[in-house]
Amino acid sequence: MSSGKKLLPLVLAVGLQTAAVLPAFSQATTLTGSVQHSAAQYSVPVPLQAQTAQYDARRYPAPRTVYARPVYRTVYVRDNRTYWQRHPKVKSAAIGAGVGAGAGAVTGLISGRGVLRGAAIGAGTGAGVGLIRSSRTMRRHPLVRDLATGAAVGFGLGAAGSRRGSTMLKATAIGTAIGGGYHFLRRMF
């Protein structure tokens, strides 16, 4: 075979491959957004037709603009609870103050330091004990609550019965010990 006859099928094969590959390249470049202009290209006008959107009303209802207006209502709330039910801390402090005032008055009378003085000291101590006993934090720590209660009661009784600081400290220590003993005895029985 002569070289011309060998070259002809080769040229035809390359030409057909080139004819098939060029449209693919042009499509890829069109999709990526880069179009090359050359003098050999020509454009055919494509008639444009208007299309209306078709919606399936059963699945996609037509969108509507909804304007929400604020609604103002007058609401009267009646709380039928008593003052003490609405303020449990004040209630516990008031009860503690009453009990403490009584205990302080008796202590002041027995010690001879004055009934009114003892009642005032006892009322303050009792209010503090009431707050300690009603505290949520102290409810989570019952040993600390009982120790603090005993210390406060001991300090109040020591202050109402004496004017000496050493007596108050001794009474506070004894009250703390009694509060700890109360805690452990209550746990055991």
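### Looking at the overall build of the chain
(1) Moving on: Along the backbone of the chain there are seven helices and zero strands.
(2) Moving on: Going from the N terminus to the C terminus, the chain shows its helices and strands as α-α-α-α-α-α-α.
(3) Moving on: Relative to its 189 residues, the chain shows a buried fraction of 21%.
(4) Moving on: Pairs at least 24 apart in sequence give 56% of the contacts found in the chain among residues at least 6 apart.

### Focus on the packing of helix α3 (residues 88–111) against helix α4 (residues 115–134)
(1) Moving on: Their axes nearest at 5 Å, the elements α3 and α4 cross at an angle of 145°. As for how α3 packs across α4, the hand of that crossing is right-handed. Contacts between α3 and α4 pair Lys-89, Ser-92, Ala-93, Gly-96, Ala-97, Gly-100, Ala-101, Gly-104, Ala-105, Gly-108 and Leu-109 from the former with Val-115, Gly-118, Ala-119, Gly-122, Ala-123, Gly-126, Ala-127, Gly-130, Leu-131 and Ser-134 from the latter.
(2) Moving on: Residues of the contact of α3 with α4, tallied by class, amount to 10 nonpolar, 10 polar and one charged.

### Looking at the layout of surface pockets
(1) Moving on: Considered as a void within the structure, the second largest pocket measures approximately 190 Å³ in volume.
(2) Moving on: Lining of the second largest pocket is provided by 14 residues; of these, Gly-100, Gly-122, Thr-125, Gly-126 and Val-153 occupy positions nearest its centre.
(3) Moving on: Taken together, the elements giving at least two residues each to the lining of the second largest pocket come down to α3, α4 and α6 (142–161).

### Here's the deal with the pattern of salt bridges
(1) Moving on: Applying the stated criterion across every chain, the model contains four salt bridges.
(2) Moving on: Arg-145 is the partner of Asp-146 in a salt bridge, and the nearest nitrogen-oxygen pair spans 3.9 Å. We note that Asp-146, like Arg-145, is buried.
(3) Moving on: A salt bridge links Arg-186 to Asp-146; its shortest N-O distance comes to 2.9 Å. With Arg-186 in helix α7 (residues 165–188) and Asp-146 in helix α6, the pair connects residues that are 40 residues apart, well separated along the chain.
(4) Moving on: Judged by its relative accessible area of 34%, Arg-186 falls in the partly exposed class.
(5) Moving on: On the basis of relative accessibility, which here comes to 1%, the residue Asp-146 falls in the buried class.
(6) Moving on: In this structure, a network of salt bridges that share partners links the residues Arg-133, Arg-145, Asp-146 and Arg-186.

The rules behind the values
- Residues numbered from 1 in each chain as written.
- Predicted model: local features only at pLDDT ≥ 70, side-chain atom pairs only at ≥ 80, totals over all residues.
- Heavy atoms only, no water.
- Helix = DSSP H or I, 4+ residues; strand = E, 2+ residues; numbered from the N terminus.
- Buried < 20%, exposed > 50% of the residue type's maximum accessible area, 1.4 Å probe, protein only.
- Contact = heavy atoms within 4.5 Å.
- Axes fitted to C-alpha atoms, helices over the stretch in contact; angles between N-to-C directions.
- Left-handed = near helix turned anticlockwise from the far one by under 90°.
- Nonpolar A, V, L, I, M, F, W, Y, C, P; charged D, E, K, R; others polar.
- 1 Å grid on protein atoms, 1.4 Å probe; cavity = no way out; pocket = protein on both sides within 12 Å on 5 of 7 lines; lining within 4 Å.
- Points joined across faces, edges and corners; volume = space filled by probe spheres on them.
- Salt bridge = Lys/Arg side-chain N within 4 Å of Asp/Glu carboxyl O.

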